[in-house]
Amino acid sequence: MALAAGSPFPKLDIAKLGGGALTLGVPRGGHDWQMIVVYRGLHCPLCKKYLAQLDEIVDEFAQLGVDVVALSGDGEVKAQSMVDEMGLKLAMGYGLSVAQMAALTLYISDPRSPQETDQPFPEPGLFVVNGEGNIQILDISNAPFARPDLSSLLAGLKFVRANNYPIRGMHAAGRVS
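Quick look at the structure, then.

A tally of regular secondary structure across the chain gives four helices and nine strands. The secondary structure elements of the chain, listed N-terminal to C-terminal, are β-β-β-α-β-α-β-α-β-β-β-β-α. In summary, the chain has a C-alpha radius of gyration of 16 Å against a globular reference of 16 Å for 177 residues, a match within 12%. Overall, the C-alpha framework of the chain stretches about 50 × 35 × 30 Å when taken along its three principal axes. Across the chain, every contact between residues at least 6 apart in sequence was considered, and the portion connecting residues at least 24 apart equals 63%. When the accessible surface of the chain is split by element, carbon and sulfur atoms take 52% of a total near 8800 Å². On the chain, the mean spot of the 14 positive side-chain charges and the mean spot of the 18 negative ones are 4 Å from each other.

Below you can see the structure in the form of structure tokens.
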């Protein structure tokens, strides 16, 4: 069953670059919300561009009380290579398992060749978890070309937080009574 707006976000522990673990859905550093950005992996040039854009404005999310974490199914070496290559300061998780990808209801792809990567990997996903641990915003894509615009998302979260804007999309298509 797919994750839905307003539903509790599953608490998942994943390894964190630099040691320790990240608990998805549990904000760190005194923040009360968390944004989880799932990227495809080191092999993806669009992911590199997206993470670089996110890294540029991560402090603005922090000012809103939003803890930002990025993660993928890549192992530690590839995740560290992404950070090093892109000069990222984002909190990075790695080693997302296929079972964890499924728990997040992400689309999962097989590599096209060994040169791309050597294991199934998640397609992009983005989750904003509010202070109650529920999904405020979610975006799950089946392809690397469709992702939320980060500046629009930041502006939207400013509005949501300033105006106590409710969770939208609480009814699945075709199930509105």
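To continue, consider helix α2 (residues 76-86). For α2, the set of buried residues is Ala79, Met82 and Val83. Down the axis of α2, the smallest arc covering the buried residues is 95 degrees, so these residues share one side. Among the exposed residues of α2, those oriented more than 90 degrees off its buried face are Val77 and Asp84. Contacts made by the buried residues of α2 are with α1 (45-63) and β5 (91-94). Just beyond α2, the residue with positive phi is Gly87, at close to 65 degrees.

A separate point is the nonpolar core. Among soluble globular proteins, nonpolar side chains are generally buried collectively. Counting residues in each nonpolar core, the largest one holds 32 residues, and the members touching the most others are Met35, Phe61 and Met92. Of all the elements in the fold, those that place two or more residues in this core are β3 (33-38), α1, β4 (66-71), α2, β5, β8 (125-129) and α4 (150-163). Ranked by residue count, the leading element in this core is α1, at seven residues. Residues in contact with Phe61, not counting those within four places in the same chain, are Met35, Leu54, Val66, Val68, Leu150, Leu154 and Leu157. Of all hydrophobic cores here, the second largest spans 18 residues; its members include Phe9, Leu12, Met101 and Leu104.

This part covers the environment of Tyr107. Inspection of the secondary structure assignment puts Tyr107 in the loop between α3 (98-103) and β6 (108-109). When the C-alpha positions of Tyr107 and Pro124 are compared, they lie 7.9 Å apart, and in sequence the two are 17 residues distant. When neighbours within four sequence positions are excluded, Tyr107 is seen to be in contact with Phe121, Pro122, Glu123, Ile140, Ser141 and Asn142.

If you trace the seven strands from one edge of the open sheet to the other, you get β2-β1-β5-β4-β3-β8-β9, paired in mixed fashion. On the outer flanks of this sheet lie β2 (21-24) and β9 (135-140), each paired with one strand and no other. In this sheet, neighbouring strand axes are inclined to one another by 30 degrees on average, regardless of whether the strands run parallel or antiparallel. Bridge count for strand β1 (residues 12-16) against β5 is two bridges, and the pairing is antiparallel. In the strand pairing of β5, Lys16 is matched with Gly93. In the packing of α1 onto the sheet, the strands contacted are β3, β4, β5 and β8, and the crossing angle to β4 comes to about 160 degrees.

Contact geometry of α1 with α2 gives a least axis separation of 11 Å together with a crossing angle of 60 degrees. Like other packed secondary-structure pairs, α1 and α2 cross with a definite hand, here right-handed. Seen from α1, the contacting residues are Lys48, Leu51 and Ala52; seen from α2, they are Met82, Glu85 and Met86. Here the contact of α1 with α2 is built from residues that sort into four nonpolar, no polar and two charged.

What counts, and where the lines are drawn
Residues numbered from 1 in each chain as written. Predicted model: local features only at pLDDT ≥ 70, side-chain atom pairs only at ≥ 80, totals over all residues. Heavy atoms only, no water. Helix = DSSP H or I, 4+ residues; strand = E, 2+ residues; numbered from the N terminus. Rg over C-alpha atoms; globule rule 2.2 N^0.38 Å. Contact = heavy atoms within 4.5 Å. Areas by Shrake-Rupley, 256 points an atom, 1.4 Å probe, with all protein chains shown as cover. Lys, Arg positive; Asp, Glu negative; His and termini not counted. Charge placed at Lys NZ, Arg CZ, Asp CG, Glu CD. Buried < 20%, exposed > 50% of the residue type's maximum accessible area, 1.4 Å probe, protein only. Arc of directions from axis to C-beta. Core = buried A, V, L, I, M, F, W, Y, C linked by side-chain atoms within 4.5 Å. Pairing = 2+ DSSP bridges. Axes fitted to C-alpha atoms, helices over the stretch in contact; angles between N-to-C directions. Left-handed = near helix turned anticlockwise from the far one by under 90°. Nonpolar A, V, L, I, M, F, W, Y, C, P; charged D, E, K, R; others polar.

Interpretation in functional terms is not warranted from these geometric data alone.
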